[in-house]
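Okay, here's what each chain looks like letter by letter:
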Amino acid sequence: MWNQTSLAGKRVLVTAGADGIGLEITRGFAAAGARVMVCDVQAASLERLARELPEVDVCLADVSSEAAVAALFETLDRKLGGLDVLVNNAGVAGPTGGVETLSLADWERTLAVNLTGQFLCVRQAVPRLRRSADASIINLSSAAGHLGMPGRTPYSASKWAVVGFTKSLAIELGRDGIRVNAILPGAVDGPRIRAVIAAKAQANGKPLEEVTRDYTSQAALGRMVTARDIANMALFAASDLAANVTGQELVVDGLTQALS
């Protein structure tokens, strides 16, 4: 378990922090002594988190809504009294299929959550982070944010955009001492990737077992990464061990050079 004292007392906001990767990130920061607030769109997940980690503050919020994000940060001010670390984790898988089969609504929803949601949270966070002595932003991208991903164009486009957003912010905010990095997970084992695999198998008319093997074997290590792997990278990026790490693509994918 991560126990770096450099994280003790840090005020951390994790978006979509009540399930999956976000939940592991929340658990990691809480275990490291940080003061954590989580937002999510799933009320039931927030209720489970509140029972598991009663010291973590929770808030129901959709990051793609400007009004909801403004209200979220007003709640954060009351609960945490400031901010040191923003973890922009909220994201959706988006549709699976050939580009000609996709609807504009699905395209726009994917970008609204995966990209605009990060922008809305950063816009609110920056004035607060400027008052921190050790501020950082961690944006969740994907291996699909630096590799092409057939059949997942909205998702991949949104995650490439996150990398550009991150690098531009790192330059813009460096003078304020705010570090900005992106984490690029490969295929993360769990319900979300299993749903993506099932959708891709159906779209391509392939057996589920074959597509599962493709996803498992696309990494040089021959396995998917775990949510804990991503949480560990987030903890590193927020800590003073990464004091001079900014504007970086922090890739956690077992060395994946092509996506299925």
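Above this note sits the structure.
The structure presented is a predicted model; accordingly, all values stated were derived computationally and were not measured.

Rules and cut-offs
Residues numbered from 1 in each chain as written. Predicted model: local features only at pLDDT ≥ 70, side-chain atom pairs only at ≥ 80, totals over all residues. Heavy atoms only, no water. Helix = DSSP H or I, 4+ residues; strand = E, 2+ residues; numbered from the N terminus. Expected span 1.5 Å × (residues − 1). Buried < 20%, exposed > 50% of the residue type's maximum accessible area, 1.4 Å probe, protein only. Contact = heavy atoms within 4.5 Å. Phe/Tyr/Trp six-rings, centres within 6.5 Å; stacked < 30°, edge-to-face > 60°. Lys NZ or Arg CZ within 6 Å of the ring centre and 35° of its normal. Salt bridge = Lys/Arg side-chain N within 4 Å of Asp/Glu carboxyl O. Axes fitted to C-alpha atoms, helices over the stretch in contact; angles between N-to-C directions. Parallel < 35°, antiparallel > 145°, perpendicular 65-115°, else oblique. Left-handed = near helix turned anticlockwise from the far one by under 90°. Nonpolar A, V, L, I, M, F, W, Y, C, P; charged D, E, K, R; others polar.

### Things to note about helix 5 (residues 153-173)
Helical geometry note: an α-helix holds 3.6 residues per turn, so side chains three or four residues apart project in the same direction. Helix length check: helix 5 (21 residues) gives 30 Å between terminal C-alpha atoms against 30 Å at 1.5 Å per residue, within 8%. Those residues of helix 5 that sit buried are Pro154, Tyr155, Ser156, Ser158, Lys159, Val162, Val163, Phe165, Thr166, Leu169, Ala170 and Leu173. Elements in contact with the buried residues of helix 5: helix 4 (104-129), strand 5 (136-140), strand 6 (179-185), helix 6 (191-204) and strand 7 (249-252).

### So, the packing of aromatic side chains
What the rule picks out here adds up to zero aromatic pairs. The aromatic ring of tyrosine 155 is capped on one face by arginine 152, whose charged end is 4.6 Å from the ring centroid.

### Description of helix 3 (residues 66-80)
The terminal C-alpha atoms of helix 3, which comprises 15 residues, lie 21 Å apart, in line with the 21 Å expected from a rise of 1.5 Å per residue. Once helix 3 finishes, glycine 81 follows within two positions and takes phi at roughly 70 degrees, a positive value.

### Observations concerning the side chain of threonine 166
Counting through the fold element by element, threonine 166 comes out in helix 5. You can call threonine 166 buried: its relative accessible area is 1%. Excluding residues within four positions of it along the chain, threonine 166 makes contact with Asn139, Val180, Asn181 and Ala182.

### A word on the pattern of salt bridges
Applying the stated criterion to the full structure yields twelve salt bridges. Taking the shortest distance from any N to any O, the salt bridge between arginine 123 and glutamate 66 comes out at 2.7 Å. Taken as a pair, arginine 123 in helix 4 and glutamate 66 in helix 3 lie far apart in primary sequence, 57 residues in all. The shortest N-O distance in the salt bridge between aspartate 189 and arginine 194 comes to 2.6 Å. Because the salt bridges share partners, they merge into one network encompassing Glu24, Arg27, Glu52 and Arg228.

### Overview of the packing of helix 3 against helix 4
At a minimum axis distance of 9 Å, the contact between helix 3 and helix 4 shows a crossing angle of 30 degrees. Here helix 3 lies roughly parallel to helix 4, going by the angle between them. The handedness of the crossing between helix 3 and helix 4 comes out as right-handed. Note on element contacts: helix 4 touches helix 3 through Leu120, Cys121, Arg123, Gln124, Ala125 and Arg128, opposite Glu66, Val69, Ala70, Phe73, Glu74, Leu76 and Asp77. Its residues assigned to classes, the contact of helix 3 with helix 4 shows seven nonpolar, one polar and five charged.

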